[in-house]
Amino acid sequence: MSHRNNGNNRNNEESMSRSVFITGGNRGIGLAIARAMAADGDRVAVGYRSGEPPEGLFGVRCEVTDPASVDAAYETVEAEQGPVEVLVANAGITRDTLLLRMSDEAFDDVLETNLKGVFRTVRKAASGMLAARRGRIVLLSSALGFLGSPGQTNYAATKTAMVGFARSLAWELGSRGVTINLVAPGIIDTAMTQELSDRRMRDVMRMTSLNRPGTPEEVAAAVRFLAGESAGYITGAVLPVGGGIGMGI
Ligand code: NDP
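Residues numbered from 1 in each chain as written. Predicted model: local features only at pLDDT ≥ 70, side-chain atom pairs only at ≥ 80, totals over all residues. Heavy atoms only, no water.

Asks: Please explain the packing of aromatic side chains as it appears in this structure.
Replies: Geometry of an aromatic ring pair is reported as the spacing of the ring centres plus the angle between the planes. Per the counting criterion, the structure on display carries one aromatic pair. Aromatic side chains Phe21 and Tyr74 sit 5.3 Å apart centroid to centroid with 80° between the ring planes, which places their arrangement in the edge-to-face category. One end of the pair, Phe21, is in strand 1 (residues 19-22); the other, Tyr74, is in helix 2 (residues 67-81), and 53 residues separate them in sequence. Like Phe21, the residue Tyr74 is buried in the burial classification. (Phe/Tyr/Trp six-rings, centres within 6.5 Å; stacked < 30°, edge-to-face > 60°. Helix = DSSP H or I, 4+ residues; strand = E, 2+ residues; numbered from the N terminus. Buried < 20%, exposed > 50% of the residue type's maximum accessible area, 1.4 Å probe, protein only.)

As structure tokens, this is what we get:
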């Protein structure tokens, strides 16, 4: 379980008991990030929208498509562990299908979660970070979003739109020492990629020089770096974690 701490006076410490909030942190990549940062000694709050929070972590209900839920989640997190110093906007969905079969609802759902959900959670975090003159924001983008991926027009649109969002915000936050960066995973072994057909998986592996899916822990390592004090001069960057699939993005 988490413990209380007022969150002050930790300016020069590397990942020392900061107040961290991770959306969609109850499984997959979000959970791996939560476990890695908790192991570093950070106070980690995991946003979850369904089921139970993961064992041993402080969980807070957070449905990123619902502004009231996001507001309530921040109140709970900040009461428990102080103002959010590190936000990882990880919650995301796919609703894959070819464009001609894609409903307005499938397009809107993905935008609402992957893009507007990020906007809502980042806006809340940025307000405290600007006041504190410190903070780290990391967004989960996607290497396939940059390359283009059949059946994923909605998903790819959101994952690349995040870049413009983050780079614009980098300008708004930079003078206060707050950074915002993106991690762009390739194919990572989670529930999300279990929906891919064998054929699509083979095609993507042909574009992956390491010729295997990544693990959630390998993505967590990159997020942990960008969220750390030693990444203080990196902002607006896209870090591919794709076993080679994201080379050059
Ligand atoms: P999973 O499907 O395993 O987990 C998604 C997480 O997001 C779950 O915790 C889910 O909660 C949560 N979530 C979804 N919608 C909402 C919502 N509206 N409000 C709050 N939480 C929500 O996905 P991954 O772990 O694989 O993906 C995590 C992130 O990484 C996503 O943004 C994804 O796009 C990105 N990514 C993943 C890749 C991969 O290969 N796996 C590749 C590139 C990017 P619940 O349990 O309630 O459903």
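Asks: Could you clarify how one ought to interpret the nonpolar core in this entry?
Replies: Generally speaking, a soluble globular protein has its nonpolar side chains buried in company with each other. Membership of the largest hydrophobic core comes to 32 residues, with the highest contact counts inside it found for Phe21, Leu87, Ile137, Leu139 and Ile180. Counting residues per element, the ones that place at least two in this core are strand 3 (58-61), helix 2, strand 4 (86-89), helix 3 (104-132), strand 5 (135-140), helix 5 (153-173) and strand 6 (178-185). Broken down by element, the residue count for this core peaks at six residues, all from helix 5. Those residues in contact with Phe21, other than ones at most four positions away along the chain, are Ala45, Val46, Gly47, Val60, Cys62, Ala73, Tyr74, Val77, Val84, Val86, Leu87 and Val88. Counting 24 residues, the second largest nonpolar core, distinct from the first, contains Val46, Val138, Ala222 and Val241. (Core = buried A, V, L, I, M, F, W, Y, C linked by side-chain atoms within 4.5 Å. Contact = heavy atoms within 4.5 Å.)

Fair warning: the whole summary comes from geometry, so function is off the table for now.
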